[in-house]
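Chain and residue survey
If you want the building blocks of each chain, they are given just below.
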Amino acid sequence: MSTEQAAAGDTIDIGEILSRLPHRYPFLLVDRCEQFKPSESIVGIKCVTFNEPFFQGHFPGHPVMPGVLIVEALGQTGAIMMSKSLNIDIAGKIIYFMSIDGVRFRSPVRPGDVLNMHVEVTRARGDIFKFKGKALVNGKVCAEAEFTAMSADAK
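Cut-offs applied
- Residues numbered from 1 in each chain as written.
- Predicted model: local features only at pLDDT ≥ 70, side-chain atom pairs only at ≥ 80, totals over all residues.
- Heavy atoms only, no water.
- Helix = DSSP H or I, 4+ residues; strand = E, 2+ residues; numbered from the N terminus.
- Rg over C-alpha atoms; globule rule 2.2 N^0.38 Å.
- Buried < 20%, exposed > 50% of the residue type's maximum accessible area, 1.4 Å probe, protein only.
- Areas by Shrake-Rupley, 256 points an atom, 1.4 Å probe, with all protein chains shown as cover.
- Salt bridge = Lys/Arg side-chain N within 4 Å of Asp/Glu carboxyl O.
- Contact = heavy atoms within 4.5 Å.
- Pairing = 2+ DSSP bridges.
- Polar contact = N/O pair within 3.5 Å; in protein donor to acceptor, adjacent residues only side chain to side chain.
- Core = buried A, V, L, I, M, F, W, Y, C linked by side-chain atoms within 4.5 Å.

1. What about the overall build of the protein chain?
Scanning the protein chain from N- to C-terminus turns up three helices and six strands. Counting helices and strands in the order they occur from the N terminus, the protein chain gives α-α-β-β-α-β-β-β-β. A compact globule built from 155 residues should have a C-alpha radius of gyration of about 15 Å, and the protein chain, at 15 Å, falls within 12% of that. Reported as C-alpha extents along the three principal axes, the dimensions of the protein chain are approximately 50 × 30 × 25 Å. Within the protein chain, the fraction of its 155 residues that count as buried is 43%. Carbon and sulfur atoms make up 52% of the accessible area of the protein chain, which amounts to about 8,200 Å² in all.

Next comes the structure, spelled out in structure tokens:
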């Protein structure tokens, strides 16, 4: 069995996420990942709590997770998959957004929701991956986007 086959389906815990992404509080938006298939797909999980710093101002009395942060959570999920698939050392490389297209917001995300980010690769060439992602709560699509990311030398 190859390393890629052995890794397929793995759960990626917070310890591994911290070793694969440079993001930290308050900007780390993925708690764990499941259903990892190298260079194919991944599901990121974000347990949304009222303690998130953005809820204080977005919106008082009616807390809603900002849509741009849902898109960022999709991007971080894709970056985790890229990092693990390409075995990137974050000490020397960083993964950047290159483009974001076709973003649609369908339903608000609120405290207590569990956000599931389904991200699949639509194209990969070297250090550049193109993705299609959907964020869901209880099986209902909250947001969707297509995006491209690249791995580059950290400077």
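2. Description of the pattern of salt bridges
Going through the model one piece at a time under the given rule, you end up with six salt bridges. Here Glu34 and Arg32 are joined by a salt bridge, their closest N and O atoms 3.1 Å apart. We classify Glu34 as partly exposed; its relative accessible area is 23%. For Arg32, a relative accessible area of 33% corresponds to the partly exposed category. Taking the shortest distance from any N to any O, the salt bridge between Arg106 and Glu144 comes out at 2.7 Å. Remark: Glu144 occurs in strand β6 (residues 140–153) and Arg106 occurs in the loop between β3 (93–105) and β4 (114–125); sequence separation between them is 38 residues. Here the residues in one salt-bridge network are Glu16, Arg20 and Lys84, joined through shared partners.

3. What about the side chain of Ser151?
Along the polypeptide, Ser151 turns up in strand β6. Ser151 gets classed as buried once you look at its relative accessible area, which sits at 6%. If we skip the residues at most four places from it in the chain, Ser151 touches Met82, Ile88, Lys93, Ile94, Ile95 and Asp127.

4. Here's the deal with the pairing of strand β1 (residues 32–37)
Where β1 meets strand β2 (residues 41–47), four bridges bridge the pair, whose relative direction is antiparallel. Note that in β2 the partner of Glu34 across the bridge is Val43.

5. Notes on the side chain of Glu144
In this structure the side chain of Glu144 is engaged in a polar contact, spanning 2.7 Å, whose partner is the side chain of Arg106. Sequence-distant contacts of Glu144, defined by excluding residues within four places in its chain, comprise Gly102, Val103, Arg104, Arg106, Gly133 and Lys134.

6. Some words on the pairing of β2
The buried fraction of β2 is high, at six of seven residues. Between the end of β1 and the start of β2, which pair antiparallel, lie three residues, with Ser39 showing a positive phi angle near 60°. Of the pairings in the sheet, the one linking β2 to β4 comprises seven bridges and is antiparallel in character. By the bridge assignment, Ile45 is partnered in β4 with Asn116.

7. Notes on the nonpolar core
Residues Ile17, Ile42, Met65, Ile80, Val109, Leu115 and Phe131 are the most contacted members of the largest nonpolar core, which totals 36 residues. For this core, the secondary-structure elements that each account for two or more residues are β1, α3 (67–86), β4, β5 (128–137) and β6. Sorting elements by how many residues they give to this core places α3 first, with eight residues. Residue contacts for Met65: discarding those within four places in its chain leaves Val48, Phe54, Phe55, His58, Ile70, Val109 and Leu115.

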